[in-house]
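# Topology and contacts: notes
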Amino acid sequence: MTMDAEAQESFREFVANRSPALLRTAVLLSGGDRHAGEDLLQNALIKAAGRWHRIDEPEAYVRQILYRQQISRWRLKWRGRELSVAEPPETAPDRGAASADAELRLLMRGALARLTARQRTMLVLRYFEDLPEAEVAGILGCSVGTVRSTTHRSLARLRALAPELRSLGPSETERRPSGDHSPLEVRS
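Residues numbered from 1 in each chain as written. Predicted model: local features only at pLDDT ≥ 70, side-chain atom pairs only at ≥ 80, totals over all residues. Heavy atoms only, no water.

Now for the pattern of salt bridges. Oppositely charged side chains can form a pair if their charged atoms are brought close together. Applying the stated criterion to the full structure yields 5 salt bridges. The salt bridge involving Arg18 is made with Glu59; its shortest N-O contact spans 2.7 Å. Here Arg18, found in helix H1 (residues 5-29), pairs with Glu59, found in helix H3 (residues 58-75); they are 41 residues apart in sequence, far enough to count as distant. Take Glu59: its relative accessible area is 22%, and that puts it in the partly exposed class. (Salt bridge = Lys/Arg side-chain N within 4 Å of Asp/Glu carboxyl O. Helix = DSSP H or I, 4+ residues; strand = E, 2+ residues; numbered from the N terminus. Buried < 20%, exposed > 50% of the residue type's maximum accessible area, 1.4 Å probe, protein only.)

Next up, the structure:
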């Protein structure tokens, strides 16, 4: 079914206004691979466009598509794909707050990329999207206990794979907005 002019305009506005936030989530779900995140988001938007006239909550609908596509990707038997991640540049000794925040984001992105897709998705849903365990369980089609245990193991693996994140002092984490939680701040 084709969209009428009003639906097309509504869809264009949604894409223009919400794409940056949706892309951040898609990139995190893709382990920091911007191209894979863009592909993930584009596929989700294509699926949403086909049903646009029936969608009540567009952002929730598109996010659900993102999560489900990522689940489908990690369930594929072929897991031999490697991800190339650039090393962060060396910083000057007198770095400012912006530089420290950028370094933290690079460290976190690199650490997330070293997790499995399932572990990364679980942490993104719990801590970046700030979803409760029951909602994550519903999205991923598993029990709340599975969410808890997988999150616990994922955090332990993240801490083991990225010990450099442990060395960040409280001042590094206190500057983030209240909704932007770091999985390293959560005690399980």
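Our focus in this paragraph is the packing of H1 against helix H5 (residues 117-128). One can describe the packing of H1 onto H5 by two numbers: an axis separation of 9 Å at closest approach and a directional angle of 145°. For the pair formed by H1 and H5, the contact residues are Arg24, Thr25, Leu28 and Leu29 on the first element and Arg120, Thr121, Val124 and Phe128 on the second. (Axes fitted to C-alpha atoms, helices over the stretch in contact; angles between N-to-C directions. Contact = heavy atoms within 4.5 Å.)

A few words now on the confidence of the model for the chain. Here the chain shows a mean pLDDT of 79. Residues at 70 or above account for 73%. Within the model, the stretch residues 169-183 combines pLDDT values under 50 with 22 contacts to residues more than four positions away or in other chains. (pLDDT = per-residue confidence, 0-100.)

Further remarks concern helix H6 (residues 133-140). Along H6, the positions that sit buried rather than exposed are Val136, Ala137, Ile139 and Leu140. Projected down its long axis, H6 shows its buried positions confined to an angular sector of 165°, all on one face. For H6, the exposed residues lying more than 90 degrees away from the buried face are Ala134 and Gly138. At the exit of H6 stands Gly141, carrying a positive phi of roughly 70°. (Arc of directions from axis to C-beta.)

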